[in-house]
Amino acid sequence: MPKIKVDGQELEVAPGRKLLDVLEEHGTHVPHFCWHPGLKPHGNCRMCLVKVNNSRKLEVSCMYPCTDNLEVTTKGPEIEAARKTVMEFLLINHPLDCPICDKAGECMLQDHTYKYRHGLSRFHEDKVIKETKDLGPTVRIWGNRCISCTRCIRFTDDVVGTGELSLVNRGDHGMADVHPDVPLDNPMSLNVVDICPVGALIDKSFLFQARVWFTERIETTCTSCSRGCNVTATMHKGEVKRLQPRRNDDVNGFWMCDAGRLDIEWLKSPARLRTARGGAKDVADQLRSAAGRVGIILSTSATLEEMFLAKQLATAVNGRIGFVSLDQGTRWVSKSGFAIETDKTANRRGAATLFGKNLGFEDVTAGIHSGDLTHLVVINAIPNLAWPEDIRDATKKVSWLAVADVLESDLSTRAAVVIPSAAWAEKDGTIVNRDGRVQRLRRLHDAPGAAVSDASWLQEVLVHLGARKTVVSAEGVFREAFPGMDYGKVGNMGSALPAIATDVPANTVQK
Ligand code: FES
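Definitions and limits used
- Residues numbered from 1 in each chain as written.
- Predicted model: local features only at pLDDT ≥ 70, side-chain atom pairs only at ≥ 80, totals over all residues.
- Heavy atoms only, no water.
- Salt bridge = Lys/Arg side-chain N within 4 Å of Asp/Glu carboxyl O.
- Helix = DSSP H or I, 4+ residues; strand = E, 2+ residues; numbered from the N terminus.
- Buried < 20%, exposed > 50% of the residue type's maximum accessible area, 1.4 Å probe, protein only.
- Contact = heavy atoms within 4.5 Å.
- Phe/Tyr/Trp six-rings, centres within 6.5 Å; stacked < 30°, edge-to-face > 60°.
- Lys NZ or Arg CZ within 6 Å of the ring centre and 35° of its normal.
- Pairing = 2+ DSSP bridges.
- Axes fitted to C-alpha atoms, helices over the stretch in contact; angles between N-to-C directions.
- pLDDT = per-residue confidence, 0-100.

(A) Main features of the pattern of salt bridges. In the structure shown here, the tally under the stated rule is 40 salt bridges. Linking E88 and R122 is a salt bridge whose minimum nitrogen-to-oxygen distance equals 2.6 Å. Taken together, the residues span a long stretch of sequence, with E88 in helix 2 (residues 77-91) and R122 in the loop between helix 3 (108-115) and strand 6 (132-134) at a distance of 34 residues. What makes R122 exposed here is its relative accessible area of 61%. The closest approach of N and O atoms between D97 and R145, which form a salt bridge, is 2.8 Å. One end of the pair, D97, is in the loop between helix 2 and helix 3; the other, R145, is in the loop between strand 7 (139-142) and helix 4 (151-160), and 48 residues separate them in sequence. Per residue, the accessibility class of D97 equals that of R145, and both read buried. Each of R227, R331, E341, R434 and D435 takes part in a single network of salt bridges with overlapping partners.

Following this line, the structure appears as structure tokens:
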């Protein structure tokens, strides 16, 4: 292992690693633009200059290999002066757009300008004016702001493999652009906005939505497919304004897909169920009277806590439980191996852990068609689910139907009891991704109207039935389901799924 010295401190590094990689990993921040830990280094912005013992000139640290006995200096007057020169060069044609730029507040150029600025521009010529235009359905470019770092180009070339972007023109006329008639339109296109170090590439869905210094950022998990990408939600005035990927090398690396990122509009849809018809007591009374004749259909997007409570309910009323899922499209894999799953539900693996491999609903619908089951509770967290005909038919045959859902449907229209459910962004809970990693959902904002989390109304039903003593938090339910675990142990990055409590504690209800 080569040994290097960074500002006098000795480090051992794997052979062949690039210097900036190592410096960032060890907490020595070196200003940079074109380097990104998820992309191949390119060495074009020259901002990451450092001094090394075996070169008389300053070296570009993102391209410099770590070799034995390398001595690196990252601070000092010569280095600061070089960085200031690079900044002056980059700012020659960059407009002073910060007051109207969406990136303001999270812009690397803005941040570095504070530290490495000259104060006054010595440039008296006319600035080069470049285009502002759509690059595709999701991304817009402000050409004037582009500093030609090529991060976006390397992303489409090396990560996605679609290669829509390239650097057009040269020198101060250069900017990232699409090939003629080939728009930036791939399933991961919006990642270029995250990695753009300036405000050149802008997410059209977030354009002019909020100044980032007025927003709050909350770490949670995407629920749009079974991969469970780690994300950060940008919150403004009680709304989710955008989702951005959060690095987790065991799940999604640095990236997420556009479909998951943009799957937030329905949270404020007019079709959200907001008003309850009946409540937990009505459900408890009906199920008590129909014990042994109860079916429960639950979506595989329910949280682990909700599944655990639904299992308690099924035990309490001696009912049958089944699942509804959603599979769509074909599995898509990028050039670098990032996959978008066909399982569009968040917690099928969690359901399999709690209920075994048989996750169909046929046992429940068959019981309804044969007349064995007369009461049905449907609990769904999948938005705009196209209900299978068999379930639709079954809901028409039962003598009593309760529906807990996020959006209105023909099932909720005909149900005797309707409970508006809190969506994934409105509740705490855990989900298990396809690889068996348990990850947290965090409550980001209030649920609309009378909507409540399924974990809370299910507990109320169980309390009315006498099968639970009291209603506890989602974390309390999680601790019951997984003894020895809590949300702290799951953490922000998730953890391997622990063993389930073998005995689901619930008393069978006496008629
Ligand atoms: Fe090293 Fe750009 S980060 S040259």
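(B) Region of the structure containing the environment of R272. With respect to the secondary-structure elements, R272 resides in the loop between helix 6 (258-261) and helix 7 (280-289). A relative accessible area of 2% places R272 in the buried class. C-alpha of R272 to C-alpha of Q459: the two residues are 187 residues apart in sequence and 23 Å apart in space. When sequence neighbours within four positions are dropped, the list of residues in contact with R272 reads W266, L267, V406, L407, S421, A422, A423, E426 and P448.

(C) Summary view of the packing of aromatic side chains. Inspection of the entire model under this criterion finds six aromatic pairs. Pairing F254 with W255 gives two aromatic rings, centres 5.7 Å apart and planes at 50°, and the pair type is tilted. We note that F254, like W255, is buried. Members of the aromatic cluster, joined through ring pairs, are F155, F254 and W255. Cation over ring: R140 sits above W142, and NZ or CZ is 5.5 Å from the ring centre. Residue placement shows K311 over the ring face of F355; its charged tip is 5.1 Å from the ring centre.

(D) Layout of the sheet that holds strand 13 (residues 239-245). Read from one edge of the open sheet, three strands run 11-12-13, paired in antiparallel fashion. The sheet is open, and its two borders are formed by strand 11 (216-221) and strand 13, each paired with just one other strand. When the angles between neighbouring strand axes are averaged without regard to direction, this sheet yields 30°. For strand 12 (residues 230-236) and strand 13, the ladder comprises six bridges, and the chain directions are antiparallel. The partner of A233 across the bridge, within strand 13, is L243.

(E) Main features of the confidence of the model for the protein. Put simply, the protein has an average pLDDT of 94, and 97% of its residues get 70 or more. A low-confidence stretch, residues 502-511 (pLDDT under 50), is modelled with 20 contacts involving residues beyond four sequence positions or located in other chains.

(F) Highlighting the sheet that holds strand 5 (residues 70-73). As summarised here, the arrangement of the five strands in space is 2-1-5-3-4, forming an open sheet in which the pairing is mixed. Edge strands, defined here as strands with exactly one partner in the open sheet, are strand 2 (9-12) and strand 4 (59-60). Pairing between strand 3 (residues 49-52) and strand 4: two bridges, direction antiparallel. Following the sheet pairing, V50 is matched in strand 4 by E59. Against the sheet, helix 2 contacts strand 3 and strand 5, and its axis sits at roughly 150° relative to strand 3.

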